[in-house]
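Each chain, written out:
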Amino acid sequence: MAEVAGAYLVVREADPADWLVRFEKSPGFPAREWAENMASIYNRRLELGGGPPTPPGTRPPGYHP
């Protein structure tokens, strides 16, 4: 997890510039807690051998912009 001006980012340790999710800081919203929870869930998934759901630089097969 990384903190930047106005937000918390959940990032991959190997490539912190390519963040997975961003939680904006705003009054009444626990952005840090959400980011910590998301990082925990993501790390548990990796520990179970799931790996990243989509390799960096690729799009999921069902991606529709």
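See the structure above.
Residues numbered from 1 in each chain as written. Predicted model: local features only at pLDDT ≥ 70, side-chain atom pairs only at ≥ 80, totals over all residues. Heavy atoms only, no water.

*Asks:* Go over the packing of aromatic side chains, please, and point to the residues and values.
*Replies:* Any aromatic ring pair is given by two values, namely how distant the centres are and how the planes are angled relative to each other. Scanning all chains against the criterion turns up two aromatic pairs. When the centroid spacing of 6.0 Å and the interplanar angle of 50 degrees are considered together, the rings of Phe23 and Trp34 count as tilted. Of the two residues, Phe23 sits in strand β3 (residues 15-24) while Trp34 sits in helix α1 (residues 31-47), which places them 11 residues apart along the sequence. When its relative accessible area of 10% is taken as the criterion, Phe23 is described as buried. Residue Trp34 is classed as partly exposed on the basis of its relative accessible area of 48%. Ring centres of Phe29 and Trp34 lie 5.5 Å apart, and the angle between their planes is 40 degrees; this geometry places the pair in the tilted category. Through successive ring pairs, a cluster of aromatic residues spans Phe23, Phe29 and Trp34. The ring centre of Tyr8 lies 4.9 Å from the NZ or CZ of Lys25, which sits over that ring. (Phe/Tyr/Trp six-rings, centres within 6.5 Å; stacked < 30°, edge-to-face > 60°. Helix = DSSP H or I, 4+ residues; strand = E, 2+ residues; numbered from the N terminus. Buried < 20%, exposed > 50% of the residue type's maximum accessible area, 1.4 Å probe, protein only. Lys NZ or Arg CZ within 6 Å of the ring centre and 35° of its normal.)

These values are about where atoms sit, not about what they do.
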